[in-house]
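Structural overview
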Amino acid sequence: MSAVFEIHNLAKFNWEAGAQGESRYLFSRISAEITKPERVALIGASGQGKSTLLRILALLDIPDEGDLLLNGASFKNSNPREWRMAVAYVAQQAVMLPGSIEDNLRTISRLHGQPYDAALGAQLMEQLGLDHLDLAKKAEDCSGGEKQRISLIRTLLLRPSILLLDEATASLDIDSTRKVEALLMNRHKEEGTTLIWVTHDLEQAHRISNRTWVIDKGGMQEYSSAAFFDQPVGGAVHS
Amino acid sequence: MTLTALSFTLLFVMGTMLVSIWQKLGLEKDIAVGTIRSAIQLLAVGYVLQFIFQAEHMIYVVLIIVFMIGVASWNAAKRGKGLPGLVWRIAVAILAMELLMMGILLGLHIIKATPQYIIPISGMTIGSAMVVSGLFINHLKHEMQQNKGEIETLLSLGATAQQAMQKVRARAVKFSMIPTIDGMKTVGLVQLPGMMTGMIIAGADPVIAVRYQILIVFSFTASAAITSMLLSMLIYRLFFTADLRLKLPGNVD
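This text gives an overview of the structure that appears in the document. (Residues numbered from 1 in each chain as written. Chains lettered and ligands numbered in written order. Predicted model: local features only at pLDDT ≥ 70, side-chain atom pairs only at ≥ 80, totals over all residues. Heavy atoms only, no water.)

Residues and elements named next belong to chain B. Remark: helix α7 (residues 148–156) packs on helix α8 (residues 161–186), axes separated minimally by 7 Å, with the N-to-C direction vectors making an angle of 155 degrees. With respect to each other, α7 and α8 are oriented roughly antiparallel. Two secondary-structure elements touch here, α7 through Glu-150, Ile-151, Leu-154 and Leu-155 and α8 through Gln-163, Ala-164, Met-165, Lys-167, Val-168 and Arg-171. Taken together, the residues that form the contact of α7 with α8 break down as six nonpolar, one polar and three charged. (Axes fitted to C-alpha atoms, helices over the stretch in contact; angles between N-to-C directions. Helix = DSSP H or I, 4+ residues; strand = E, 2+ residues; numbered from the N terminus. Parallel < 35°, antiparallel > 145°, perpendicular 65-115°, else oblique. Contact = heavy atoms within 4.5 Å. Nonpolar A, V, L, I, M, F, W, Y, C, P; charged D, E, K, R; others polar.)

This next bit is on the packing of aromatic side chains. To describe a pair of aromatic rings, you give the distance between the ring centres and the angle between the ring planes. Residue and element names in this part refer to chain A. Tallying each qualifying case throughout the model produces six aromatic pairs over all chains. Between Phe-228 and Phe-229 the ring centres are 4.9 Å apart and the planes differ by 85 degrees, which places this aromatic pair in the edge-to-face class. Assessed through its relative accessible area of 0%, Phe-228 is described here as buried. Aromatic rings pair up to connect Tyr-223, Phe-228 and Phe-229 into one cluster. (Phe/Tyr/Trp six-rings, centres within 6.5 Å; stacked < 30°, edge-to-face > 60°. Buried < 20%, exposed > 50% of the residue type's maximum accessible area, 1.4 Å probe, protein only.)

Residues and elements named next belong to chain A. Judged by pairing direction, the sheet is mixed, and its six strands sit side by side in the order β6-β7-β8-β3-β9-β10 without closing on themselves. In this open sheet, the two edge strands, each paired with only one partner strand, are β6 (87–90) and β10 (219–224). In this sheet, neighbouring strand axes are inclined to one another by 20 degrees on average, regardless of whether the strands run parallel or antiparallel. Where strand β3 (residues 39–43) lies against strand β8 (residues 194–198), four bridges are found, and the strand directions are parallel. Directly across from Val-40, in β8, lies its bridge partner Ile-196. This element, helix α1 (residues 50–57), spans β3, β6, β7 (162–166), β8, β9 (211–216) and β10 of the sheet and lies at about 150 degrees to β7. (Pairing = 2+ DSSP bridges.)

Take the pairing of β10 of chain A next. Residue and element names in this part refer to chain A. By the bridge criterion, six bridges tie β9 to β10 in an arrangement that is antiparallel. Looking across to β10, one finds that Trp-213 is bridged to Glu-222. Two successive antiparallel strands, β9 and β10, enclose a turn made up of two residues, where Lys-217 displays a positive phi of approximately 50 degrees.

Taken together, the contact pairs 17 residues of chain B with 21 residues of chain A. A buried area of about 1700 Å², summed over both sides, lies between chain B and chain A, and 62% of it is on carbon and sulfur atoms. Counting every contact that joins chain B to chain A gives one salt bridge. Across the salt bridge formed by Arg-55 of chain A and Glu-152 of chain B, the nearest N and O atoms sit 2.7 Å from each other. In this structure, the connection of chain B to chain A is made through five residue pairs in polar contact (both at pLDDT 80 or more). Top contributing element to the side of chain B that touches chain A by residue count: α7 of chain B, with seven residues. Of the residues belonging to the side of chain B that touches chain A, the class tally is five nonpolar, six polar and six charged. (Buried area = accessible area lost by both parts, 1.4 Å probe. Salt bridge = Lys/Arg side-chain N within 4 Å of Asp/Glu carboxyl O. Polar contact = N/O pair within 3.5 Å; in protein donor to acceptor, adjacent residues only side chain to side chain.)

It is worth spelling out helix α7 (residues 174–191) of chain A at this point. Since the α-helix advances by 3.6 residues per turn, residues separated by three or four positions end up pointing in the same direction. All names here are of chain A. Its 18 residues place the ends of α7 25 Å apart at the C-alpha level, agreeing with the 26 Å of an ideal helix rising 1.5 Å per residue. Looking only at α7, the buried set comprises Ser-176, Thr-177, Val-180, Glu-181, Leu-183, Leu-184, Arg-187 and His-188. Each buried residue of α7 lies within a common arc of 165 degrees when the element is viewed along its axis, so the set occupies one face. Residues of α7 that are exposed and angled more than 90 degrees away from the buried face: Ile-174, Lys-189 and Glu-190. Buried residues along α7 sit against β3, α5 (118–127), α6 (144–156), β7, β8 and α8 (202–208). (Expected span 1.5 Å × (residues − 1). Arc of directions from axis to C-beta.)

Right, let's get into the pattern of salt bridges. Residue and element names in this part refer to chain A. For the coordinates displayed, the defined rule picks out 18 salt bridges over all chains. Between Asp-64 and Lys-12 there is a salt bridge; the shortest N-O distance is 4.0 Å. Here Lys-12 lies in strand β1 (residues 5–13) and Asp-64 lies in the loop between α1 and β4 (65–70), a separation of 52 residues in the sequence. On the basis of relative accessible area, Asp-64 is assigned to the partly exposed category, the value being 28%. Lys-12 gets classed as buried once you look at its relative accessible area, which sits at 10%. In this structure, Arg-211 and Glu-222 form a salt bridge, with 2.1 Å as the shortest nitrogen-oxygen distance. Of this pair, Arg-211 sits in strand β9 while Glu-222 sits in strand β10, and the two are eleven residues apart along the sequence. Among the charged side chains, a salt-bridge network with shared partners connects Lys-36, Glu-38, Arg-211 and Glu-222.

To continue, consider the environment of Leu-42 of chain A. All names here are of chain A. Relative to the elements of secondary structure, Leu-42 occurs in strand β3. Assessed through its relative accessible area of 0%, Leu-42 is described here as buried. Sequence separation between Leu-42 and Leu-130 is 88 residues; the distance between their C-alpha atoms is 27 Å. For Leu-42, the residues in contact, after removing those within four places along its chain, are Lys-50, Leu-53, Leu-54, Trp-197, Val-198, Thr-199, Trp-213, Ile-215 and Met-220.

Right under this line is the structure:
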């Protein structure tokens with residue numbers, strides 16, 4: 001299910017700024033609008049606040065200025081639980097919850113009292129090359145790459161309308177990376193899921209996105225991915 | 001015991017202070033302060049109890065129990081620097097425990113409804129609840145710092161604060177009860193508890209003394225469990241903002 005998502009003049013202070021001339025903002029005046037299912041690559045050099053922006057979009061962090069609207073309702077008047085179920089965040093460092101792989105997959109069902117969609121769980125595990133894993137295995141004993149994919153599947157079982165991905169393929173090999181990309185492209189196409197994907201891999205950004213947000217020098221510019229990658233404007237990012 | 005005989009026990013303290021000076025441990029001041037404080041506190045409580053036992057009025061019993069809960073709560077809350085409103089939450093947990101315990105002990109006529117029974121037993125269970133509360137808060141803060149990722153993962157999946165904290169709370173409750181349970185397992189084998197020892201020295205039949213000690217051991221276990229669980233219910237929300245973001249206190253003691 002698609003959602004209308006608006007970002008208005010978002011700003012976050014940089015509390016560690018102290019040096020003369022250093023901006024007191026980590027970023028400011030960030031605005032964007034998503035009115036139909038999109039695939040957005042969020043790129044920029046390290047330390048520009050990409051992960052912070054993603055966390056703010058998931059309401060795990062709070063903006064110091066500006067507003068966020070989901071289907072016309074400001075985050076200030078929204079129930080954070082309902083918001084996070086619609087705008088779901090997948091962290092860069094995959095955290096396995098105590099218990100088995102199956103316990104992790106059943107998290108959504110347990111939290112929200114919904115029946116567990118075993119067929120979808122199995123299908124997603126297969127699509128990401130995890131079908132060989134014993135579901136009774138302790139999740140904490142899985143490899144870094146397996147954990148990252150399990151954490152993605154755990155979130156996909158929420159069926160969010162907007163998926164916030166913080167370097168979702170950072171600990172994966174090429175084969176697994178391509179499987180994740182294919183799966184997410186498929187979810188976008190079939191379910192209308194909007195993807196907002198932080199990545200340092202510009203080739204990946206090119207492959208997966210139709211829009212590119214470049215966060216640089218405390219601000220954010222938006223480009224059509226086709227135009228951006230054919231004639232890269234974000235020189236700072238490329239260098 | 002005469003006061004002269006009692007004063008000879010100061011030899012232990014002086015010996016310890018001399019060892020501290022000789023070994024340059026720097027403990028002399030703390031030992032001196034501790035000795036004077038404990039002597040004054042205990043002598044004062046002796047006179048207070050004497051007065052209450054003679055007065056035979058329940059209002060004094062209530063007052064002394066309220067005072068005990070106040071001191072215990074204030075002391076345990078020191079473990080949770082950075083958590084606002086902790087003192088009254090601990091006080092509520094300990095008070096609820098005390099009401100429940102005394103309700104059962106008096107309601108079922110397990111002990112007599114006199115200050116001689118109510119005050120010492122309350123003092124012991126409140127003291128135990130204070131230790132448990134301090135341990136619980138300390139461990140909960142530690143768990144929160146260690147498992148920030150787990151809690152935020154659950155929040156990002158739409159969990160309530162209660163759901164996000166469930167495992168962390170359970171681990172902290174379990175941890176806070178370890179000393180009580182270990183004490184229960186080894187009581188009489190490793191150490192002869194204070195109450196029983198006191199009764200035997202005062203001339204009571206050891207079997208009668210043991211009965212009271214069993215009562216205390218069971219009360220301790222129940223009070224530890226009740227206080228820790230109630231406290232976990234009362235304070236978990238302090239780690240979240242109103243809009244359900246994780247809020248960790250600055251430092252872990």
